[in-house]
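# Breakdown of the fold
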Amino acid sequence: MADVVLKNVTKVYDGGTVAVRSVNIEVKDKEFMVLVGPSGCGKSTTLRMIAGLEDMTEGELYIDDELVNDVSPKDRNIAMVFQNYALYPHMTVAENMGFGLKLRKYKKDEIKERVRNAAEILGITDLLERKPKALSGGQRQRVAVGRAIVRQPKVFLFDEPLSNLDAKLRVQMRTEISKLHQQLEATMIYVTHDQTEAMTMGDRIVIMKDGDIHQIDKPLHLYNHPVNKFVAGFIGSPSMNFIDGKLIIEDGLRFIDDKREINIKVVPDHEDQLKEYVGKEITIGIRPEDIHSEDSLKSDKRDKIEVRLDVTEPMGNEIFLYFKISQQNTIARIPAVKETEPQPGEKMDLYVDASKIHFFDKLTEEAILK
């Protein structure tokens, strides 16, 4: 396999629209790298430039230490799996999987052997004589992946391959692709708009927005140490809660909103980094799972908030609570530990784990705690 390096890669379309701006990414050999972000962030354009399907306006692209800016897609030794499968309807599964090798004048016996091996890996041996119209969505996706495997490429590229599948099948297929990565020990670059796919599949994740990279990191480090408000809000489900307010000195360092609906003491470990923001407007971020019921938080690093519930969503083993703090819609995610579920309109005491609060500069939206 191979590493993939993008150096200052930029894509500007006719008319001046900047799709990707000075992107620098280094994908290591055998790594599973995920590009994730909202629609229009430039992730698919970046993938297509790696594949050679889009020309770069500026920058350099290396695959296995070879500069490939001017190398045609067919000579880059990559294989791409598309969102829409791109199978030929008049060909059988075996013919679809082997078609690329046939174009490259491989011998029939070698094509047959590679197709058989790929089909065994994907568990689709019994489908080889069927045509695409006789396959389910998940089966078609496996065939598309199989077509990439038989190429034995240096790099696998995936462009939102699971977006056409239903929720249950998406979970199954992302597990199978992760297993495939381990089995093939392949370099894989995967594009998705689904942050759950990114978190569960990637060795590292590239977070993009408006053509820029905001953070490249391992999933858990992204989750626990987002560099800015955008990354913090994008990673995590339900999303992080954000509340505007300011820091004051009152029995220690405290965060309050304008109406003092929230009044939280800053934990000692964070005081030194936050002192320069005393009296200034900042934004705090609290993940739903860091707002607890009394039963689920036994800690001295907690502060009580009194809320009136707007909506409750029982999820079986946990409950999502929706309420407002300082006019901001806020979500808490608590275990379903009581027989009686909280009800809309009910007043309730909740507890914020102050040690898990994120602090952001109100103007730059950059994280304050390092």
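This structure is a prediction, so every number in the text was calculated from the model and none was measured.

## Re the sheet that holds strand β3 (residues 32-36)
On the basis of which strands lie adjacent, the open sheet formed by six strands has the order β6-β7-β8-β3-β9-β10 and mixed pairing. Of all the strands in the sheet, the pair left with one neighbour each is β6 (78-81) and β10 (212-217). Across this sheet, the average inter-strand angle for adjacent strands is 15°, counted without regard to direction. As defined by bridge partners, β3 adjoins strand β8 (residues 187-192) across five bridges and the pair is classed as parallel.

## Description of the pattern of salt bridges
Throughout the structure, instances matching the rule amount to 17 salt bridges. One salt bridge in this structure joins E120 and R116, with 2.7 Å as the shortest N-O distance. Note that E120 and R116 are positioned in helix α3 (residues 108-122) at a spacing of four residues, about one turn of the helix. Among the residues examined, E120 registers a relative accessible area of 45% and is labelled partly exposed. E176 is the salt-bridge partner of R142, the closest N and O atoms lying 2.8 Å from each other. One end of the pair, R142, is in helix α4 (residues 137-149); the other, E176, is in helix α5 (residues 167-184), and 34 residues separate them in sequence.

## A short note on the packing of aromatic side chains
Within the structure shown, the criterion is met by five aromatic pairs. For the pair Y88 and F99, a centre-to-centre distance of 5.1 Å together with 70° between the ring planes defines the contact as edge-to-face. Taken as a pair, Y88 in the loop between β6 and α2 (93-103) and F99 in helix α2 lie far apart in primary sequence, 11 residues in all. Residue Y88 is classed as partly exposed on the basis of its relative accessible area of 37%. Their ring planes at 35° and their centres at 5.7 Å tell us that F158 and Y190 sit as a pair that is tilted. Of this pair, F158 sits in strand β7 (residues 155-159) while Y190 is found in strand β8, placing the two residues 32 residues apart along the sequence. Neither residue differs from the other here; F158 and Y190 are each classed as buried. Linked through ring pairs, F32, F158 and Y190 together constitute an aromatic cluster. The ring of F242 carries the charged tip of K229 above its face, separated from the ring centre by 5.1 Å.

## What about α5?
When the terminal C-alpha atoms of α5 are compared, their 26 Å separation across 18 residues agrees well with the 26 Å that a helix rising 1.5 Å per residue should span. Along α5, the residues that are buried comprise L169, M173, R174, I177, S178, L180 and H181. For α5, the elements touching its buried residues are β3, α3, α4, β7, β8 and α6 (195-201). Taking the backbone nitrogen of K168 as reference, a side-chain oxygen 3.3 Å away marks D166 as the first, capping residue of α5. Immediately beyond the C-terminal end of α5, within one or two residues, lies E185, with a positive phi of roughly 50°.

## Considerations on the packing of α2 against α4
Look at α2 against α4: their axes get within 8 Å of each other, and the N-to-C directions meet at 35°. Considering only the axes of α2 and α4, their crossing is right-handed. Taking contact as the criterion, the partners of V93, N96 and M97 in α2 are, on α4, V143, G146 and R147.

Criteria and cut-off values
- Residues numbered from 1 in each chain as written.
- Predicted model: local features only at pLDDT ≥ 70, side-chain atom pairs only at ≥ 80, totals over all residues.
- Heavy atoms only, no water.
- Pairing = 2+ DSSP bridges.
- Helix = DSSP H or I, 4+ residues; strand = E, 2+ residues; numbered from the N terminus.
- Axes fitted to C-alpha atoms, helices over the stretch in contact; angles between N-to-C directions.
- Salt bridge = Lys/Arg side-chain N within 4 Å of Asp/Glu carboxyl O.
- Buried < 20%, exposed > 50% of the residue type's maximum accessible area, 1.4 Å probe, protein only.
- Phe/Tyr/Trp six-rings, centres within 6.5 Å; stacked < 30°, edge-to-face > 60°.
- Lys NZ or Arg CZ within 6 Å of the ring centre and 35° of its normal.
- Expected span 1.5 Å × (residues − 1).
- Contact = heavy atoms within 4.5 Å.
- Polar contact = N/O pair within 3.5 Å; in protein donor to acceptor, adjacent residues only side chain to side chain.
- Left-handed = near helix turned anticlockwise from the far one by under 90°.

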